[in-house]
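Take a look at the letters that make up each chain.
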Amino acid sequence: MNHDIIKQEVIDCTSCILHKHRTNVVMGCGNFDADLMFVGEAPGKEEDLSGIPFVGRAGKMLDSMIAAMGMNRADVFIANICKCRPPENRKPTPEEMKACLPFLKRQINMVKPRVIITLGATAMEGLLEIFGITNNRGKFYQYCDIPVMVTFHPSYCLRVPSVKMTVAEDLKKVVTFLKSLKL
Ligand code: SF4
């Protein structure tokens, strides 16, 4: 499956109100053969302007999380539940996430990651339909038979620096899991 085909469909998409607010669609980026895929919530202002996911301060924090796992952006694939920016950076509604999820599902089918990490409560809710990130973080769930680790969003790490330790624990579990596949 060609990612450009999916991108064109996203550009043409008017399935939810968010298409009215976007400057660019933000498809995702990285390695199409990645073992690890990150899933965030939706583009913010800088992402909407650049068309690239996780730029700015949260992006730098995500980069440091990836580096702590012994990888870099070129090793992983990064995407969001919603491809268009919600106005005022509000949380996407459940309906908006449902409308956009088929695009992410096709990206997951294309990349075929061995493991996914959801970043923040909204990504967790959108992908896994579970609620309460404090109780669910650090655990593996399943999406289409792919293990999914739930952890906090990089923006939350910026707001509450003590959370970085908790996220590091979650990421370590994913590194251990990926290593176990290579034994
Ligand atoms: Fe379509 Fe997704 Fe954009 Fe909504 S957010 S208009 S479903 S591409």
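Just above, that's the structure.
Anyway, here's the lowdown on the structure attached to this text. (Residues numbered from 1 in each chain as written. Predicted model: local features only at pLDDT ≥ 70, side-chain atom pairs only at ≥ 80, totals over all residues. Heavy atoms only, no water.)

Moving on to the packing of helix H1 (residues 3-12) against helix H4 (residues 94-111). Remark: H1 packs on H4, axes separated minimally by 11 Å, with the N-to-C direction vectors making an angle of 175 degrees. In terms of axis orientation, H1 runs roughly antiparallel to H4. Residues His3, Ile6, Glu9 and Val10 of H1 touch H4, and the partners they reach there are Phe103, Arg106, Gln107 and Met110. (Axes fitted to C-alpha atoms, helices over the stretch in contact; angles between N-to-C directions. Helix = DSSP H or I, 4+ residues; strand = E, 2+ residues; numbered from the N terminus. Parallel < 35°, antiparallel > 145°, perpendicular 65-115°, else oblique. Contact = heavy atoms within 4.5 Å.)

If you check the shell around the ligand, you find Val10, Cys13, Ser15, Cys16, Leu18, His19, Arg22, Lys83, Cys84, Ala99, Cys100 and Phe103 and nothing else. A per-element tally of the shell around the ligand places H4 first, with three residues. Along the lines of polarity and charge, the residues of the shell around the ligand split into eight nonpolar, two polar and two charged. (Near = heavy atom within 4 Å. Nonpolar A, V, L, I, M, F, W, Y, C, P; charged D, E, K, R; others polar.)

This brings us to empty space enclosed by the protein. Applying the stated criterion to the full structure yields one cavity of 30 Å³ or more. Volume-wise, the largest cavity comes out at about 110 Å³. Ranked by residue count, the leading element in the lining of the largest cavity is H4, at four residues. (1 Å grid on protein atoms, 1.4 Å probe; cavity = no way out; pocket = protein on both sides within 12 Å on 5 of 7 lines; lining within 4 Å. Points joined across faces, edges and corners; volume = space filled by probe spheres on them.)

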